[in-house]
Protein chains: 2
Amino acid sequence: MSLPFADRLASAVRSKHSALVVGLDPQFAKLPVEIRERATAHHADQREAAAAAIKEFDAAVIEEVAPFAAAVKPQIAYYERWGPPGLAAYEHAIEKAHAAGLLVIGDIKRGDIGPTAEAYASAHLGSGTTAERDQFADAITVNPYFGTDGLQPFLNAVREKDAGLFVLVRTSNASAGELQDLQALGQPVHEHVAARVVAWGHELTGSCGYSSVGAVVGATAPRELARLRECMPRTWFLIPGVGAQGGTAADVAPAFDSDGLGALVNSSRGIIFAYGSPAASEWRRSIREAARRLRDELRTAAPQAAS
Amino acid sequence: MSLPFADRLASAVRSKHSALVVGLDPQFAKLPVEIRERATAHHADQREAAAAAIKEFDAAVIEEVAPFAAAVKPQIAYYERWGPPGLAAYEHAIEKAHAAGLLVIGDIKRGDIGPTAEAYASAHLGSGTTAERDQFADAITVNPYFGTDGLQPFLNAVREKDAGLFVLVRTSNASAGELQDLQALGQPVHEHVAARVVAWGHELTGSCGYSSVGAVVGATAPRELARLRECMPRTWFLIPGVGAQGGTAADVAPAFDSDGLGALVNSSRGIIFAYGSPAASEWRRSIREAARRLRDELRTAAPQAAS
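This paragraph deals with the pairing of strand β2 (residues 71-74) of chain B. Residue and element names in this part refer to chain B. Burial along β2 is two-sided: the face carrying A71 and K73 and the face carrying V72 and P74 are both buried. With 4 bridges connecting them, strand β1 (residues 20-24) and β2 associate as parallel partners. Within the sheet, the bridge partner assigned to V21 lies in β2 and is A71. Pairing of β2 with strand β3 (residues 103-110), which is carried by 2 bridges, proceeds in the parallel orientation. The partner of V72 across the bridge, within β3, is V104.

Written out as structure tokens, the structure is:
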């Protein structure tokens, strides 16, 4: 990798003409029956079986969505759930996605202080002592609660690895406002975080005009979304909450610039479980069509998107 | 397990006459040379070698500190750093600590929304589908940024598993105040979080008088510590920042009640790397003495501690 993450992302969005990110949230109980049965038949250990099923499912999802998505976002909780074999499946998903030409955003939401944050950064963005590159995410999500010195090790890794970050600013869940919307010195806490994100990312702006330090901003708060775009004009937004959580493609329109850049829109369950029943036989087609449909809706929502 | 975590903790503190928690932060480069060399000789794969060294080191640390500590607190970042073999070493540490009669606080600082938080809770506190119990922590640390619905799955797990939580309230790092000390509606953000912690933990109060929903409050902010004790009178405090980060045993005195309960004080590097140079031959003794010394200092700081 030689280009900053921000520029690799701009290039992926342009070449795919797509702002779509497909979230990999492989909840075992929702996987197609045929996959679960095969895995269970081959692995006596429950965690090994779950990990095997997830690997097969992810490989299929990645193959189906690759033409329509700029990136995938594996949510590590659904892998960590199954212990060491699950973590191996997480790495497998990253490798498969890279092989399919997709960028990978590791949704890990880690956050801690100095040396501990450094260990997380090495774990997920790679370190000097590790030769392999494909097993690491291109970018990760991080939690801002610790402030600047908690972020610094991640920022160092971004610089050294041409990687990216998406800092939680305003999340998409119903209770998000309890802490994030508290009014402090005339503005909500999440706008204070937004100002930090701009400062943290300033030095890491790519030639596309956006920084490699992005922000997570939920689609379920459209008013905050527009306002946060004003606060963070050169920040890539990663927008969850479309689909299963109730946000629509139209809700996210204010996040895009006039070239159709600046925002990624994630859908997880709405795409990977589009088939509804785990007994559905045409599950791969359902996934593919759901990805195509949301990509098209996003093209309409951001009509100027570079093509 | 049949007793609430809060009561198991009170019982451990009373029987050991110790508020000490030893943090397991096994940074590979700081481990004793003999251990690293043995692991490297036996494992060609770098991650396997690191995990093997960590397992051996943790087993030794646990054996040395068990007489003096109420609990250990493995910091998962230093395990996750080494991928799936590292995560296996994390589980190994939990099992070893349980076998030595120690409670385990998994320092994972996870935080996310609904189904994802549920996956984290299952991963780290166990789920109905997993028979083994020893591989799971008794309690975990969590991040409050998402608010109540992000906490709910963890609270459910606490109830079902008689487990515990420590919610980040005021952390010990230098930049902690950037977000946590913002003044909102007349009080700092961390006091708003403290009020939530009290509400979240109210129903989970044990017969010891404390809740199984605790709070992380850094020793490096003694003024905030005293004030937060007022805000959260029935909340177990987990206090990092003593030792390497500059806090002293005297700084944490206001956190204890007149029975010597209510607070756990963590030291990580100050104990597990007390030997200084990785070439030190008497490293086990240095660890043991450092644990004994801090336990004694904490007894003096909280002189009424039940014995």
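Here the narrative resumes, following the displayed structure.
Taken residue by residue, the interface counts 63 residues in chain B and 63 residues in chain A. Between chain B and chain A the total buried area reaches about 5,000 Å² when both faces are included, carbon and sulfur atoms providing 54% of it. Counting across the chain B and chain A interface gives 8 salt bridges. For R110 of chain B, the salt bridge identified is with E80 of chain A, shortest N-O distance 2.9 Å. Inspection of the chain B/chain A interface yields 33 residue pairs in polar contact (both at pLDDT 80 or more). With 7 residues, the top contributor of residues to the side of chain B that touches chain A is helix α6 (residues 114-125) of chain B.

On to helix α9 (residues 189-201) of chain B, then. For α9 of chain B, built from 13 residues, the straight-helix expectation of 18 Å at 1.5 Å per residue is met to within 8% by its first-to-last C-alpha distance of 19 Å. Turning to α9 of chain B, its buried residues are V189, H190, E191, H192, V193, A194, V197, W200 and G201 of chain B.

Superposing chain B onto chain A takes a rotation of 180° combined with a translation of 0.0 Å along the rotation axis, leaving an RMSD of 0.0 Å. Classification of the inter-copy transformation places it as that of a two-fold axis. Most of the interface of chain B is mirrored in chain A, where 100% of its interface residues are also at the interface.

All names here are of chain B. Where helix α3 (residues 46-65) meets helix α12 (residues 283-301), the axes come as close as 9 Å, and the angle between the chain directions of the two elements is 45°. Here α3 lies oblique to α12, going by the angle between them. For α3 against α12, the interelement crossing comes out right-handed. For the pair α3 and α12, contact is made by F57, A60, V61, E63, E64 and V65 and by W283, R284, I287, R288 and A291, respectively. For the contact of α3 with α12, the per-class residue count stands at 7 nonpolar, no polar and 4 charged.

Criteria and cut-off values
Residues numbered from 1 in each chain as written. Chains lettered and ligands numbered in written order. Predicted model: local features only at pLDDT ≥ 70, side-chain atom pairs only at ≥ 80, totals over all residues. Heavy atoms only, no water. Buried < 20%, exposed > 50% of the residue type's maximum accessible area, 1.4 Å probe, protein only. Helix = DSSP H or I, 4+ residues; strand = E, 2+ residues; numbered from the N terminus. Pairing = 2+ DSSP bridges. Contact = heavy atoms within 4.5 Å. Buried area = accessible area lost by both parts, 1.4 Å probe. Salt bridge = Lys/Arg side-chain N within 4 Å of Asp/Glu carboxyl O. Polar contact = N/O pair within 3.5 Å; in protein donor to acceptor, adjacent residues only side chain to side chain. Expected span 1.5 Å × (residues − 1). Least-squares fit on C-alpha atoms with pLDDT ≥ 70 in both. Axes fitted to C-alpha atoms, helices over the stretch in contact; angles between N-to-C directions. Parallel < 35°, antiparallel > 145°, perpendicular 65-115°, else oblique. Left-handed = near helix turned anticlockwise from the far one by under 90°. Nonpolar A, V, L, I, M, F, W, Y, C, P; charged D, E, K, R; others polar.

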